[in-house]
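# Secondary and tertiary structure notes
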Amino acid sequence: MALIEQIVISLYFGIRFILQFWIPRGSITIKKCRIVLGVLWLPLGSAVYLIETIRYISIWTPGSLALPPVPVAFFVAWIIFLVADTLYQFHTISRIPKSSTSMS
(Lines give C-alpha, C1' and ligand atoms only; values in the text may rest on other atoms or scores of the structure.)
Protein backbone atom coordinates (compact mmCIF):
# COMPACT_ATOMS: atom_id res chain seq x y z
CA MET A 1 0.00 0.00 0.00
CA ALA A 2 3.02 2.33 0.07
CA LEU A 3 2.56 3.08 -3.60
CA ILE A 4 -0.34 5.42 -2.91
CA GLU A 5 1.84 8.48 -2.22
CA GLN A 6 3.85 7.73 -5.35
CA ILE A 7 0.61 7.66 -7.33
CA VAL A 8 -0.51 10.98 -5.80
CA ILE A 9 2.82 12.64 -6.65
CA SER A 10 2.78 11.17 -10.16
CA LEU A 11 -0.78 12.39 -10.71
CA TYR A 12 0.29 15.90 -9.72
CA PHE A 13 3.15 15.89 -12.21
CA GLY A 14 0.90 14.39 -14.90
CA ILE A 15 -1.78 17.04 -14.48
CA ARG A 16 0.86 19.76 -14.21
CA PHE A 17 2.52 18.49 -17.40
CA ILE A 18 -0.81 18.66 -19.25
CA LEU A 19 -1.45 22.18 -17.97
CA GLN A 20 2.06 23.23 -19.02
CA PHE A 21 2.42 21.85 -22.53
CA TRP A 22 -0.92 20.73 -23.92
CA ILE A 23 -2.91 23.90 -23.26
CA PRO A 24 -1.80 27.39 -24.45
CA ARG A 25 0.71 28.94 -22.08
CA GLY A 26 -0.56 32.53 -22.08
CA SER A 27 -4.01 31.70 -20.73
CA ILE A 28 -4.83 33.31 -17.39
CA THR A 29 -7.39 30.58 -16.70
CA ILE A 30 -4.67 27.93 -16.98
CA LYS A 31 -2.47 29.84 -14.55
CA LYS A 32 -5.37 29.95 -12.12
CA CYS A 33 -5.87 26.21 -12.59
CA ARG A 34 -2.19 25.64 -11.77
CA ILE A 35 -2.63 27.62 -8.55
CA VAL A 36 -5.73 25.65 -7.60
CA LEU A 37 -3.91 22.41 -8.38
CA GLY A 38 -1.05 23.38 -6.06
CA VAL A 39 -3.36 24.53 -3.29
CA LEU A 40 -5.38 21.31 -3.42
CA TRP A 41 -2.46 18.93 -3.88
CA LEU A 42 -0.34 20.24 -0.97
CA PRO A 43 -2.69 19.06 1.81
CA LEU A 44 -3.72 15.97 -0.17
CA GLY A 45 -0.15 14.83 -0.76
CA SER A 46 0.90 15.65 2.80
CA ALA A 47 -2.04 13.77 4.30
CA VAL A 48 -1.45 10.71 2.12
CA TYR A 49 2.27 10.70 2.99
CA LEU A 50 1.52 11.03 6.72
CA ILE A 51 -1.08 8.25 6.63
CA GLU A 52 1.22 5.92 4.69
CA THR A 53 4.12 6.62 7.06
CA ILE A 54 1.97 5.92 10.12
CA ARG A 55 0.61 2.78 8.49
CA TYR A 56 4.14 1.56 7.70
CA ILE A 57 5.38 2.23 11.24
CA SER A 58 2.38 0.44 12.75
CA ILE A 59 2.69 -2.75 10.67
CA TRP A 60 6.47 -3.00 10.31
CA THR A 61 8.16 -5.89 12.05
CA PRO A 62 11.71 -7.11 11.52
CA GLY A 63 11.78 -9.27 8.41
CA SER A 64 8.44 -8.06 7.07
CA LEU A 65 7.92 -7.26 3.43
CA ALA A 66 6.03 -4.01 4.02
CA LEU A 67 6.92 -1.34 1.47
CA PRO A 68 8.40 1.78 3.05
CA PRO A 69 7.01 5.18 2.09
CA VAL A 70 8.79 7.52 -0.31
CA PRO A 71 12.06 8.76 1.21
CA VAL A 72 11.71 12.04 3.09
CA ALA A 73 14.22 13.80 0.80
CA PHE A 74 12.08 13.07 -2.28
CA PHE A 75 8.92 14.13 -0.50
CA VAL A 76 10.49 17.40 0.69
CA ALA A 77 11.85 18.07 -2.82
CA TRP A 78 8.32 17.58 -4.21
CA ILE A 79 6.87 19.94 -1.58
CA ILE A 80 9.51 22.57 -2.42
CA PHE A 81 8.73 22.27 -6.14
CA LEU A 82 4.98 22.43 -5.54
CA VAL A 83 5.12 25.50 -3.29
CA ALA A 84 7.63 27.34 -5.49
CA ASP A 85 5.61 26.64 -8.63
CA THR A 86 2.34 27.71 -7.01
CA LEU A 87 3.86 30.93 -5.70
CA TYR A 88 5.42 31.66 -9.09
CA GLN A 89 2.06 31.19 -10.86
CA PHE A 90 0.41 33.47 -8.31
CA HIS A 91 3.15 36.06 -8.83
CA THR A 92 2.71 36.02 -12.62
CA ILE A 93 -1.04 36.51 -12.29
CA SER A 94 -0.65 39.36 -9.80
CA ARG A 95 1.61 41.24 -12.25
CA ILE A 96 -1.02 41.19 -15.03
CA PRO A 97 -2.99 44.45 -15.25
CA LYS A 98 -6.61 44.16 -14.16
CA SER A 99 -7.94 45.43 -17.52
CA SER A 100 -6.60 42.38 -19.39
CA THR A 101 -8.17 39.92 -16.95
CA SER A 102 -11.73 41.14 -17.35
CA MET A 103 -14.11 38.94 -19.29
CA SER A 104 -15.62 41.57 -21.65
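The paragraphs below set out a description of the structure included in this document. Per-chain numbering applies: the sequence of each chain, read as written, is numbered from 1 onward. Residue-level local features of this predicted model are given only where pLDDT is at least 70; pairs of side-chain atoms are given and counted only at 80 or more, and the full residue set underlies all totals for whole chains, interfaces and linings. The side-chain numbers reported here are obtained from all heavy atoms of the structure, hydrogens and water having been left aside.

Attention now moves to the overall build of the protein. Labels follow the DSSP assignment, with helices taken as runs of H or I lasting at least four residues and strands as runs of E lasting at least two, numbered in each case from the N terminus. Looking only at helices and strands, one finds four helices and zero strands in the protein. Start at the N end of the protein and walk to the C end: the helices and strands fall as α-α-α-α. Whether two residues are in contact is decided by their heavy atoms: any pair within 4.5 Å suffices. Within the protein, contacts between residues separated by at least 24 positions form 74% of all contacts whose residues are at least 6 apart in sequence. Carbon and sulfur atoms form 77% of the exposed surface of the protein, whose accessible area is close to 7,100 Å². Here the Shrake-Rupley method, with its probe set to 1.4 Å, supplies the accessible areas, and only the displayed protein chains count as covering residues.

If you look at the biggest cluster of nonpolar residues, it comprises 14 residues, and the most contacted ones within it are Tyr12, Leu37, Trp41, Phe75, Trp78 and Leu82. At five residues, the largest contribution of residues to this core is made by helix α2 (residues 28–59). When residues no more than four places from it in sequence are discounted, the contact partners of leucine 37 are Tyr12, Ile15, Arg16 and Leu19. Among the buried residues, those of types Ala, Val, Leu, Ile, Met, Phe, Trp, Tyr and Cys that are joined through side-chain atoms within 4.5 Å form a nonpolar core. Between buried and exposed lies partly exposed: a residue is buried under 20% and exposed over 50% of the maximum accessible area for its type, with that area taken using a 1.4 Å probe on protein chains only.

Before going further, it helps to examine α2. Every α-helix winds through 3.6 residues per turn, so residues three or four apart in the chain are directed the same way. For α2, spanning 32 residues, the distance from its first C-alpha to its last is 46 Å, which sits close to the expected 46 Å at 1.5 Å a residue. At every residue, the bend is computed as the angle between two fitted axes, covering the seven residues ending there and the seven beginning there respectively. The sharpest bend along α2 measures roughly 30° and falls at tryptophan 41, with the proline proline 43 sitting one to four residues further on. Three or more residues of α2 are buried, namely Ile30, Lys31, Arg34, Ile35, Leu37, Gly38, Trp41, Gly45, Val48, Tyr49 and Glu52. Looking at the buried residues of α2, the elements they touch are α1 (4–22) and α3 (72–94). For a helix, the expected span equals 1.5 Å multiplied by the residue count minus one.

Take the pattern of salt bridges next. Salt bridge, as applied in this entry: a Lys or Arg side-chain nitrogen positioned within 4 Å of an Asp or Glu carboxyl oxygen. This structure, assessed with the given rule, holds two salt bridges. Between arginine 16 and aspartate 85 there is a salt bridge, with the nearest N and O atoms lying 2.7 Å from each other. Residue arginine 16 is found in helix α1, and its partner aspartate 85 is found in helix α3; the two are separated by 69 residues along the sequence. The residues arginine 16 and aspartate 85 share a single accessibility class, namely buried. Its salt-bridge partner being arginine 55, residue glutamate 52 comes within 3.1 Å of it at the nearest N-O pair. Taken together, the residues span about one helical turn, with glutamate 52 and arginine 55 both in helix α2 at a distance of three residues. With a relative accessible area of 6%, glutamate 52 lands in the buried category.

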